[in-house]
Amino acid sequence: MSPQPQRPTPAEREEMARLLPVPAERDLPGRRHQLLKDHLMREIQHHTDAAAAKPRARYRRRLAWTAIPLAAGAMALALVTGGVLDRHPTAEPGSAVASGPSERGTNAAPAAVLLDRIATIAASKPAPAVRDDQYIHVTSWGASSVQTDQDPVMRLEKPRKSQSWLSVDGSRPGLVRAGGKDLKLDPQPAGTDKAPSLNAPTYRYLESLPTDPDMLLKKIYDETKSSGPGPDEEAFVTIGDLLRGQLAPPKVSAALYKAAAKIPGVTVVNDAVDAVGRHGIAVARTHDGERTEWIFDKHTLELLGERSVMIKDIPWAKKGQITGVSAVMSRSVTDKPGQAATGHTS
């Protein structure tokens, strides 16, 4: 028989959690980590003592979502430039244009118009044929900011590559590969505290979400009540989490974008840059002096990644400082962890 493979030590698990390219989290009570960080920290907490509850760096969860066909993108660009950017011809690149939660019609707010275009293209994509025994494979780059007791100033690290293989229905162990190391992710059995949820979605869980934007947004508000810095910010970040790191079904993706358009304070940023230097237009929301941007290709409206930017000075960061950035390079369906694409690719 082959020898039993060694499980990573607590120090190795903590190092893997540090290597994952997810932007930084400051002291915002109750805010969740992104899906992979959830799994990793759950493993760390299970195998280490109370010291693991005081990590050196604070992280914010971030990942990515699905690509959009180029054919539809040409039409989308014309719609966006005519329906969004031309409404504010004097706006400078990087400026934010305020939006409202539910405006529609010819007077619709820019963010609502842009998100409606993105949702329309997302809904037109074919749904992938995905089996329960398969995995969603995501490749991404990202950089997090680190803040320590010795150095309270947030400092952005160098972007790192990571890959994840997530069980389609949560019944099988997944895998994260980052910094030259592999870490197995626990299954997500139904009826347990690890079951799929808004905080840790599988593809099958995403399939089960309402496709009516109002119903979906209500579910998100209800299930994140009393979490994070406030209901609107928590809803915006939760939707961002659901649109990243998984291959969301087209109709659910469209509903999530339309739900985001109903959140107060959503804005448009005319120019933003992801972790690998790709420029795009962004949908954003600001909380406590930090603006979170979902970055889209201006031609295809494909979600490229995310960026967090300070818009005012605070003790641990300066106005204009990038506090976190990510870029999604590919999403695909594979038959087993560690394997290259075998099916749907975006």
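In this text, all values refer to a predicted model and were calculated from it rather than measured experimentally.

Q: Explain the environment of S253 here, please?
A: Turning to its location among the elements, S253 is positioned in helix α8 (residues 250–260). Spatially, the C-alpha atom of S253 lies 8.9 Å from that of L206, the residues being 47 residues apart in sequence.

Q: Which parts of the structure should I look at to understand the packing of aromatic side chains?
A: Each aromatic ring pair is summarised here by two numbers: the centre-to-centre distance and the angle between the ring planes. Taken as a whole and judged by the stated rule, the model has two aromatic pairs. Judged by centre distance (4.3 Å) and plane angle (5 degrees), the ring pair of F236 and W294 falls under stacked. Of this pair, F236 sits in helix α7 (residues 231–242) while W294 sits in strand β9 (residues 290–296), and the two are 58 residues apart along the sequence. According to the relative accessible area criterion, F236 is buried, its value standing at 0%. Overall, the relative accessible area of 3% leaves W294 in the buried class. An angle of 65 degrees between the planes, with centres 5.8 Å apart, marks the rings of Y257 and F296 as edge-to-face. Remark: F296 occurs in strand β9 and Y257 occurs in helix α8; sequence separation between them is 39 residues. The exposure class of Y257 is buried, given its relative accessible area of 0%.

Q: Explanation requested: α8 in the structure shown.
A: The periodicity of an α-helix, 3.6 residues per turn, causes residues three or four places apart in sequence to face the same way. Taking burial as the measure, the eleven residues of α8 include nine buried ones, the bulk of the element. Within α8, burial applies to P250, V252, S253, A254, A255, L256, Y257, A259 and A260. For α8, the secondary structure elements touched by its buried residues are α4 (110–123), α5 (203–207), α6 (213–223), α7, β9 and β10 (303–310).

Cut-offs and rules
Residues numbered from 1 in each chain as written. Predicted model: local features only at pLDDT ≥ 70, side-chain atom pairs only at ≥ 80, totals over all residues. Heavy atoms only, no water. Helix = DSSP H or I, 4+ residues; strand = E, 2+ residues; numbered from the N terminus. Phe/Tyr/Trp six-rings, centres within 6.5 Å; stacked < 30°, edge-to-face > 60°. Buried < 20%, exposed > 50% of the residue type's maximum accessible area, 1.4 Å probe, protein only. Contact = heavy atoms within 4.5 Å.

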